[in-house]
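Results of the structural survey
Listed here are the chains, written in short residue letters.
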Amino acid sequence: MDLDLSHPSIEDLRRTAQKRIPKFAFEYLDSATGRELGLKVNRDALDAIGFMPRVLCGRTKAELQTTLMGQKYDLPFGIAPVGMSGLMWAGAERMLAKAAVAHNIPFSLSSVAVASPEDVAPYIGKNGWFQHYPVKSGELRRAMLPRIKAAGFHTLIITVDVPEESRRERQRRANLTVPPKADLRTLTEMASRPAWCLAHLREGIMPRMRFFDDYAPTRGRESFTHAGALIRGIPDWDYLRELRQEWEGHLIVKGVLRPEDAQEMVAEGVDCIWVSNHSGRQFEAGPAVIDQLPNIREAVGTDVPLIYDSGVAWGLDIMRALAKGADFVMVGRAFQYAVAAFGARGIDHLVHILKADIEANMSQLGSENLGSLAEHLLRTR
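To start, this report covers the structure provided alongside it. (Residues numbered from 1 in each chain as written. Predicted model: local features only at pLDDT ≥ 70, side-chain atom pairs only at ≥ 80, totals over all residues. Heavy atoms only, no water.)

**Regarding the packing of aromatic side chains**
Scanning all chains against the criterion turns up seven aromatic pairs. Each member of the aromatic cluster is reached from another via a ring pair, and the members are Phe 130, Phe 153, Phe 211, Phe 212 and Tyr 215. Here the guanidinium or amino end of Arg 232 rests over the ring plane of Tyr 133, the centre of that ring lying 4.3 Å away. (Phe/Tyr/Trp six-rings, centres within 6.5 Å; stacked < 30°, edge-to-face > 60°. Lys NZ or Arg CZ within 6 Å of the ring centre and 35° of its normal.)

Here it is, written out as structure tokens:
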């Protein structure tokens, strides 16, 4: 199968992923909260950003290498952390880490992933970032950080936009628990996806939050009670200050929308701001992330790197974010669709889709430099 013909877009990968994984897994990945207006707000705002093409520029060659926090990456995008990634396909985190090194892009492991830091340590090279959810005590946090560092992760992401778990109604209707329940409904869904079941049997473990499980006093068995819920804390400014003192590597704060918050984070020694609304998974009534990006850029100046995520569905969306002030873009759901659809081959294909789309669209602008994209923005939209 030539994936460039059968699956030329992320939406094609999404549809195939939906056919290959159980409903409860797909609903976890694909859903947002409430009426999912957050997804629509992000999408509409991205679609409203246009560029003015140029002609007679001859053959152009887009330079896509990007330096972020002192490290050079071959592309201006990376793999965002997604909780329970290994639920989408057995061994997903390992495959994603390997692909990140092969393509020289960042790979972010969630603290609520199926794989532990040690599971992926042999595969992350110098490209490993670790996403940290605040935990209930400083003692617990100080037990975790050396373990993360020892596994080879040089950059820590603290996610701050999850003070409480959102309801995510689609997820609830799908009867999702972690680990999945062994009831008739769940077993029937699993049996309808034999390739998914076989992959997990080969992996030899049921999907669960292995890292947080190691620190949880008990594992919840009630619906939506899991190790993450048992030990997760609520972030505040003191937590951020303590974390900054304890973590020696680069520190990124993810989930920022207010310029004032970004300014204060920079004052506290944060190395990078990740502008995001969790892709609408936490709160649906907020602003479009892309609209907040220029405001945060203005607030923190040009010396502080900004990362964008939320709603990326084409390489063109990556260009839009870079033009609006981002230094880098992280992609979440799309990589999960890719690995669920075709495993490692799907990840490589997604990287190709995004890269080829950026290159094709930059040629329409007559642009060879990512830093010049803002010059081509349509100012009337």
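Right, picking up where we left off after that structure.
**Section: the nonpolar core**
Membership of the largest hydrophobic core comes to 112 residues, with the highest contact counts inside it found for Phe 212, Ile 273, Tyr 308 and Phe 335. At 16 residues, helix H18 (residues 333-365) tops the list of elements feeding residues into this core. Each residue touching Phe 212, except ones within four places of it in the same chain, is listed here: Ser 111, Val 112, Tyr 133, Val 135, Met 144, Ala 227, Gly 228 and Ile 231. Within the second largest apolar cluster, twelve residues are counted, among which are Met 69, Ala 80, Cys 272 and Phe 328. (Core = buried A, V, L, I, M, F, W, Y, C linked by side-chain atoms within 4.5 Å. Buried < 20%, exposed > 50% of the residue type's maximum accessible area, 1.4 Å probe, protein only. Helix = DSSP H or I, 4+ residues; strand = E, 2+ residues; numbered from the N terminus. Contact = heavy atoms within 4.5 Å.)

**Topic: the packing of helix H15 (residues 259-267) against helix H16 (residues 289-300)**
Between H15 and H16, the shortest axis-to-axis distance is 9 Å and the interhelical angle comes to 40 degrees. With respect to their mutual orientation, H15 and H16 come out oblique. The way H15 lies across H16 gives a crossing that is right-handed. Residues Pro 259, Ala 262, Gln 263 and Val 266 of H15 form the contact with H16, whose participating residues are Gln 292, Asn 295, Ile 296, Ala 299 and Val 300. (Axes fitted to C-alpha atoms, helices over the stretch in contact; angles between N-to-C directions. Parallel < 35°, antiparallel > 145°, perpendicular 65-115°, else oblique. Left-handed = near helix turned anticlockwise from the far one by under 90°.)

**Topic: the pairing of strand S5 (residues 128-132)**
Most of S5 sits out of view: five of its five residues are buried. Neither face of S5 is open: one carries Gly 128, Phe 130 and His 132, the other Trp 129 and Gln 131, and all of them are buried. As paired strands, strand S4 (residues 107-110) and S5 are joined by four bridges and run parallel to one another. Across the sheet, the residue bridging to Leu 109 is Phe 130, located in S5. In the sheet, S5 pairs with strand S6 (residues 155-159) via four bridges, with the strands oriented parallel. Looking at S6, one finds that Gln 131 is bridged to Ile 157. As a crossover connection, the stretch from S5 through helix H8 (residues 138-150) into S6 is right-handed. (Pairing = 2+ DSSP bridges. Right-handed = clockwise from strand over helix to strand, strands pointing away.)

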